[in-house]
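Fold and contact review
Given next are the chains, with one letter for each unit.
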Amino acid sequence: METYAALPLLRPQELPRNLERIRTTASLDALRGLMIASGAAALAEHDAYLQLALAVAQLANPSYEVGPPTIDAAYNHDSYCQIERVADEPVRGFIRGFLKANCVLHEEVVAGGTSLSPLDWRTLRGAFEDMIVYMIGTDEACPAGGLAEMGSTSYWNPDPVRRWILGHHVFMGLIQGLIVCSLSLRTAVLSEDWATSLAALELATSLMAGSAMALKFTADFRPEYYESIVRPTMMPPQFPPGLSGLLSVDHAFMVKTLGSLQPLLQNLPPNLMLQYERFSQTFELAYDAHMFVCERFRGGERPSLLVTTRVADADKTAVEVLKKLKTVRVKGVCV
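To keep things clear, this report deals only with the structure shown in the data block. It should be emphasised that the depicted structure is a prediction, and the values quoted were computed from it without experimental measurement. (Residues numbered from 1 in each chain as written. Predicted model: local features only at pLDDT ≥ 70, side-chain atom pairs only at ≥ 80, totals over all residues. Heavy atoms only, no water.)

1. Regarding the pattern of salt bridges
- Scanning the model with the defined rule gives ten salt bridges in all.
- Across the pair R85 and D78 runs a salt bridge, and its minimum N-O distance is 2.7 Å. An identical accessibility class is assigned to R85 and D78; each is buried.
- Residue R163 pairs with E108 through a salt bridge whose shortest N-O separation is 2.9 Å. Residue R163 is located in helix α7 (residues 160-190), and its partner E108 is located in helix α5 (residues 90-112); the two are separated by 55 residues in the primary sequence.
- Residue R163 is classed as buried on the basis of its relative accessible area, which comes to 0%. (Salt bridge = Lys/Arg side-chain N within 4 Å of Asp/Glu carboxyl O. Buried < 20%, exposed > 50% of the residue type's maximum accessible area, 1.4 Å probe, protein only. Helix = DSSP H or I, 4+ residues; strand = E, 2+ residues; numbered from the N terminus.)

2. Focus on helix α6 (residues 118-136)
- End to end, α6 covers 26 Å across 19 residues, agreeing with the expected 27 Å (1.5 Å per residue, within 8%).
- The sharpest bend along α6 comes to roughly 30°, located at G126.
- Of all 19 residues in α6, 14 are buried, a share of seventy percent or more.
- Phi for G137, located one or two positions after α6, is positive at around 70°. (Expected span 1.5 Å × (residues − 1). Bend = angle between axes of the 7 residues up to and from the residue.)

3. Remarks on the packing of helix α8 (residues 194-218) against helix α11 (residues 270-296)
- At their nearest, the axes of α8 and α11 sit 8 Å apart, and the two run at 15° to each other. One element, α8, and the other, α11, form an angle in the roughly parallel class. The two elements α8 and α11 meet at a crossing, and its hand is left-handed.
- Residues belonging to the contact of α8 with α11 are distributed by class as follows: 17 nonpolar, seven polar and three charged. (Axes fitted to C-alpha atoms, helices over the stretch in contact; angles between N-to-C directions. Parallel < 35°, antiparallel > 145°, perpendicular 65-115°, else oblique. Left-handed = near helix turned anticlockwise from the far one by under 90°. Nonpolar A, V, L, I, M, F, W, Y, C, P; charged D, E, K, R; others polar.)

4. A few points about the packing of aromatic side chains
- Counted under the stated rule, the structure contains nine aromatic pairs.
- When the centroid spacing of 5.6 Å and the interplanar angle of 40° are considered together, the rings of F94 and F98 count as tilted. Remark: F98 and F94 occur in helix α5; sequence separation between them is four residues, near one turn of the helix. When sorted by exposure, F94 lands in the same class as F98, which is buried.
- Consider the rings of Y276 and F279, whose centres lie 5.8 Å apart with planes at 35°: the pair is tilted. With a gap of three residues between them, Y276 and F279 both fall in helix α11, about one helical turn apart. (Phe/Tyr/Trp six-rings, centres within 6.5 Å; stacked < 30°, edge-to-face > 60°.)

In structure tokens, the structure reads:
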């Protein structure tokens, strides 16, 4: 399988636990100044400012250590998706991974196009933009580059393995953003900081909606190529049996964190409860997007690669297992 530039991510338990730390960190000063001084007119097509933002984060710490691997199912997932776990200062490490994932999205859509609708594309792009707007501490929208309104491009012809791998980079960047929001929400609710709680919930809702579209983007290639080209790369002899995105440590950590919030959210102020209901609905949509991907690739007809290695649910299709999982997870998040 071809090798792509690894996505450098912190382990989820090492991510920042406070959104305000991300907003006020010194490494963003140059980025904030760039955004204020340059404006949309100074920006090159294809959102060059995001490349500059990435450079800012990298210049703050030109090198980083690669953390030691853990040889388990989670390691197999990281290895397949070409994710590199790094040891770095939490805020800087998160910023680098998140901005890199955004750059990957834009590079990949330029390289292979997309069949996403304009609305789905704006939702995906908007999730990254909302976090970046929060990072730089402005209420103004991010300046739009040449990809702002892209969707259903005329040159849709992505390399299927490249789109599958790099689409997972996009998805994982958003999941790490969701973890940061969830941890910050927990801290804010415990301290009855309702303004920060609302900001975290609004941002989490955008990121969750974006993650649903990232799943669709990851599967945005001709369905027949999954069977003949992509699926074999996840099977022996290239990887051990049972490879699945559900083995991602980031996804598991996010679900656990969201579940821990449920007892704290019983008596939220009305405006926060309304926003949490919106978030819960978006959480359900993310699982619907996962089922969409499975159905696109015959997951309604056969078990997933993960289920084929387990006795439980061995007779169920991938879509049936996801429906069951969605029911359990939604119950653990909704109040």
